[in-house]
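# Descriptive analysis of the structure
Residues per chain, in single letters:
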Amino acid sequence: MPKLNLNREPMPRQDPKIRSKNFNEVALGYSAEQAQAEANRCIQCPKRSCTEGCPVEVDIPGFINAIREGDMPEAVKLLKDKNSLPGICGRVCPQETQCEATCSLAKKDAPIAIGRLERFVADWERANMQSASSLPAQPAPSGKQVAVVGSGPAGLTAAADLVKLGHSVTIFEALHVAGGVLMYGIPEFRLPKDIVQAEVDYVASLGVKVELDSVIGKLVTLDELLNNDYHAVFLGTGAGLPMFLNIPGENLNGIYSANEFLTRVNLMKAYRFPEYDTPVKVGRKVAVIGGGNVAMDSARCALRLGADEVYIVYRRSEVELPARREEVENAQEEGIEFKLLTNPKRMLGNEQNWVVGMECYEMELGEPDDSGRRRPIVKEGSEFIIDVDVVIVALGTTPNPLIASTTDGLETTRWGTVVADEETGKTVKSQVWAGGDIVTGAATVISAMGAGKRAAASIDEYLRG
Amino acid sequence: MYKILLKQDLVPNIHLFKVAAPAVAKKAQPGQFVVIRIDEKGERIPLTIADWDEGEGSVTIVFMEVGTTTHKLALLQTGDFITDFIGPLGLPTHIDEFGTVVCVAGGFAVATIMPIARAMRAKGNQVISIMGARNKELLFWEEELRRVSDQLIVTTDDGSYARKGLVTEPLKELLEGDGKVDRVIAIGPSIMMKFCSKTTEPFGVKTVVSLNPIMVDGTGMCGCCRVSVGGETKFACVDGPDFDGHQVDWDLLFARQRIYLDEEKCSFEQWQSQSGILK
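Residues numbered from 1 in each chain as written. Chains lettered and ligands numbered in written order. Predicted model: local features only at pLDDT ≥ 70, side-chain atom pairs only at ≥ 80, totals over all residues. Heavy atoms only, no water.

## Observations concerning the overall build of chain B
What counts here: Put simply, DSSP H or I for four residues or longer makes a helix, DSSP E for two residues or longer makes a strand, and each gets a number counted from the N terminus. Only C-alpha atoms enter the radius of gyration, while the globule expectation follows 2.2 Å times N to the 0.38, with N the number of residues. Relative accessibility thresholds used throughout: buried, under 20% of the residue-type maximum; exposed, over 50%; partly exposed, between the two (1.4 Å probe, protein chains only). We call two residues in contact when some of their heavy atoms are within 4.5 Å. For accessible areas, the Shrake-Rupley method is used with a probe of radius 1.4 Å. Any residue's cover is judged against the shown protein chains and nothing else. Lys and Arg are tallied as positive, Asp and Glu as negative. Neither His nor the chain termini are counted. Every charge is mapped to an atom, namely NZ of Lys, CZ of Arg, CG of Asp or CD of Glu.
Helix and strand counts for chain B come out as 9 helices and 16 strands. For 279 residues, the compact-globule estimate of 2.2 N^0.38 gives 19 Å, and the C-alpha radius of gyration of chain B, at 18 Å, lies within 12% of that figure. Along the longest, intermediate and shortest principal axes, the C-alpha atoms of chain B span 55 × 40 × 40 Å. Residue burial in chain B is summarised as follows: out of 279 residues, 58% are buried. For chain B, the share of sequence-separated contacts (at least 6 apart) that also reach a separation of at least 24 residues comes to 64%. In the form shown here, chain B has an accessible surface area of approximately 11,200 Å², with 50% of it arising from carbon and sulfur atoms. With 30 positive and 37 negative side-chain charges, chain B shows a spacing of 1 Å between the two charge centroids.

## Some words on the overall build of chain A
Helix and strand counts for chain A stand at 17 helices and 16 strands. Relative to a compact globule of 465 residues, whose C-alpha radius of gyration would be 23 Å, chain A shows 23 Å and is just as compact. On the principal axes, the C-alpha backbone points of chain A span a range of 65 × 60 × 50 Å. Looking at chain A as a whole, 58% of its 465 residues qualify as buried. Long-range contacts, defined here as pairs at least 24 residues apart, represent 69% of the contacts in chain A between residues at least 6 apart. Put simply, chain A shows about 18,800 Å² of open surface, and 49% of that area lies on carbon and sulfur atoms.

## With respect to the sheet that holds strand S10 (residues 151-156) of chain B
Sheets are built from strands that pair by backbone hydrogen bonding, the pairs being arranged parallel or antiparallel. All names here are of chain B. Short version of the rule: Two strands qualify as a pair provided DSSP detects at least 2 bridges between them. In this description, a line fitted to the C-alpha atoms serves as the axis of each element, helices being fitted only across the stretch in contact, and the angle between N-to-C directions of two axes falls anywhere from 0 to 180 degrees.
Strand order in the open sheet formed by 7 strands is S11-S10-S9-S8-S12-S13-S16, with mixed pairing between adjacent strands. Whereas interior strands pair on both sides, the edge strands pair on one side only; in this sheet they are strand S11 (163-164) and strand S16 (242-244). Relative to strand S9 (residues 126-133), strand S8 (residues 100-106) runs parallel, the two being bridged by 7 bridges. From the neighbouring strand, Thr-100 faces S9, where its bridge partner is Gln-126. Running over the sheet, helix H6 (residues 190-200) touches S8, strand S12 (183-187) and strand S13 (207-210) and is turned about 160° from S12.

## Some thoughts on the domain arrangement of chain B
All names here are of chain B. Note the threshold: Each domain span listed reflects an automatic or database assignment of domains. Here the quantity called buried area is the total loss of accessible area, with a 1.4 Å probe, experienced by two parts when brought into contact, counted for both. Any pair of nitrogen or oxygen atoms within 3.5 Å is treated as a polar contact; in protein, a donor-acceptor pairing is required on top of that, and neighbouring residues in sequence qualify only through side-chain atoms on both sides.
Split by domain assignment, chain B resolves into domain 1 (2-89) and domain 2 (91-206). Measuring from the centre of the C-alpha atoms in domain 1 to the corresponding centre in domain 2 gives 24 Å. In this assembly, 19 residues from domain 1 lie in contact with 15 residues from domain 2. Together domain 1 and domain 2 conceal approximately 1,300 Å² of surface at their shared face, both sides included; 70% is due to carbon and sulfur atoms. Looking only at domain 1, the three residues that lose the most surface to domain 2 are Val-11, Pro-30 and Ala-50, adding up to 31% of its buried area. Our count for the domain 1 to domain 2 interface comes out at 3 residue pairs in polar contact (both at pLDDT 80 or more).

## Comments concerning the packing of aromatic side chains
Residues and elements named next belong to chain A. Short version of the rule: Stacked, tilted and edge-to-face are the three classes assigned to paired rings of Phe, Tyr and Trp, where Trp is represented by its six-membered ring and a pair needs centres within 6.5 Å; plane angles under 30 degrees give stacked, over 60 edge-to-face, the rest tilted. The rule is short: NZ of Lys or CZ of Arg within 6 Å of the ring centre and within 35 degrees of the ring normal puts a charge over the ring.
Applying the stated rule across the entire model yields 11 aromatic pairs over all chains. Taking the centre distance of 6.0 Å and the plane angle of 80° together, the rings of Phe-172 and Tyr-230 count as edge-to-face. Of this pair, Phe-172 sits in strand S2 (residues 168-172) while Tyr-230 is found in the loop between helix H12 (222-227) and strand S4 (232-235), placing the two residues 58 residues apart along the sequence. Each member of the pair, Phe-172 as well as Tyr-230, is classed as buried. Among the aromatic residues, those joined into a cluster by ring pairs are Phe-23, Phe-189 and Tyr-271. Against the face of Phe-189 rests Arg-304, its NZ or CZ located 3.8 Å from the ring centre.

## A closer look at the nonpolar core
Note that soluble globular proteins tend to have their nonpolar side chains buried in a common cluster. To keep it simple, the criterion reads: Residues enter a nonpolar core if they are buried and are Ala, Val, Leu, Ile, Met, Phe, Trp, Tyr or Cys, with the set joined through side-chain atoms within 4.5 Å.
Counting residues in hydrophobic clusters, the biggest one holds 110 residues, and the most contacted among them are Phe63(A) and Phe261(A). With 8 residues, the single largest contributor to this core is helix H17 (residues 445-464) of chain A. Contacts of Phe261(A), omitting those with residues within four sequence positions, involve Tyr256(A), Val280(A), Lys281(A), Ser298(A), Cys301(A), Ala302(A), Leu305(A) and Ile392(A). Counting residues in hydrophobic clusters, the runner-up holds 53 residues, among them Ile255(A), Val313(A), Val229(B) and Val248(B).

## Things to note about the interface of chain B and chain A
How big an interface is tends to be stated in terms of accessible area lost as the parts join. How we decide: We count a salt bridge whenever a side-chain nitrogen from Lys or Arg sits within 4 Å of a carboxyl oxygen from Asp or Glu.
With 45 residues of chain B at the interface, the matching set in chain A holds 41 residues. Interface area for chain B against chain A, summed over the two sides, is near 3,600 Å², with a carbon-plus-sulfur share of 53%. For the chain B face of the interface with chain A, the top three residues by lost area are Lys41(B), Met221(B) and Arg226(B), together amounting to 20%. Where chain B packs against chain A, one counts 4 salt bridges. Counting across the chain B and chain A interface gives 22 residue pairs in polar contact (both at pLDDT 80 or more). Elements that contribute at least two residues to the side of chain B that touches chain A include exactly helix H1 (22-27), helix H2 (68-74), strand S7 (84-89), strand S15 (232-235), helix H8 (250-257) and helix H9 (261-275) of chain B. For the side of chain B that touches chain A, the leading source of residues is S7(B), giving 6 residues.

Pasting the structure below:
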């Protein structure tokens, strides 16, 4: 047996000093040699525990073996068999808690860099293959129509799977481009928009119709879709409603929800204002409230727009930060300052209604709460003021009530999420499935894709029933 | 892409577009709005729906040239296309049998008030409309509004046509007069809506205003359009745009409308120099 190679091939990245001033992709991707070297570390163990760790069950040993053998078209085929969005997943999936966590080499702290290899295969395909050449064989039409509401990761995955099974699929998207959070939320430097567009185009090339500018619940209701041409509906509208702190001064000028800030920057390309028409305020001192991936994205965007100082303000300590470790490190390297165990009490404004400061409490950690994390407790009398001129509130999102409030018979929770079966995505309403953030509340791209995949299988079973 | 079926210049800087958008036309109701984006680099801006024709599959919008987007929009002609046209958004105006409804329109909001006045009258209300503009040149649709109203009062700030003065003056007279006023709908510039609300407040007459804060998506996603009504934060795009004028925090609205003044100036100057249009 060959000796185990425990040296993970590092990901080449832009230098932090340079990248903090541009919106180009931070991680540059493996060269062919690096990909080969990393693929060679895979021991091709019979357990296939990596595939078990993948919410969409990609044949990971298979595509890695194809890289080893230099058969890239085969690697593409094996990867896309289960995952229609590999360029996206290779970049934004939390592999460290999924496939890489279950890799046999994880025990030795050197799991195969599956995400980086996935990205390598997807990027190789985009550079080297005509998209048509990787299209699966045309399935026999089932004669059934499915409407998919929302074109984020859940909707795109469900649509791709359903069309491959022979159903006629139309995606309805409220915004002017498809991709959902992949387009409006995740920044260019982490997930380039031409990659999202290429993968949306791939799903369309499978035969999925994409209707943009279509706000379901306003333009057409879900019941009207079912009464007209559609035999089934999949709801993948995500969690698009921003949460605020509900503290005094929160409506001052200069205070954004992360959704607004990121939508302006990513979707509307405000970082290229005035070439693009949509502006965004570039603060000198920017505070981002929250500790998740969206907070990291917002902070790193603010820095790239030209802010002098950017703070992450988070009420617990570093170990509780919900963001991916890698994103926290990226942010720290770029010079984002972490103000931990800090929580805002109120926002302070000037006479023109602009935010100028944020009064905060120092916090300490108490006993674990329901989430299993230690509960943050206010230190009485610890108030202090941070000077700021832009604040971005990144506390999370809840589902937009637009569809639930205009549809008869959908069950929702008190958090506004739609109740659906965990295994199948089936809702209590006949002919309606749901998956992704609309069911779970804000989660990850790949968990939404997994939900889209399971719902597609259940819808297929129903339509053939 | 959405085709402009008809362009009309109502007054020199206020234009009407009839846009082919059959699905929107099928669902539009008085008081709702659309979000448009002119081209790939354009911003998303809300415009209220002035009219719609389900048979023709068209939706009519009326806009005034103010900033970059509306100036660019004004250059489009019949037969041209708008890249995105999203709607109908927002909650419709509450139409019911109230009795006597006074519809007050300031400036180009006469276009917004038209479908509301029409619907109010169709519901059996007595509709008294007041329309005001800065001067005679900026007045349009006087006859159109007269047709859907039981009574029409016209004002100009400078007295160049009809009654000289602001719309709040005849509004106050109606409230003080013999006839009972059951509801007021006031739509126009924010300052005009504020003063209409201030005028009606002592009389305790419910006054509905249509707020126009800055928006991005228009579907409740960003919270840019948040306003304070009765001490509660609301999103104008999904909770409005209609609100109780007596409950609105007007100063907050004015302040939030000014967030991007510098950027708007920068964008407009850049567009002017690039397009060679200097005014």
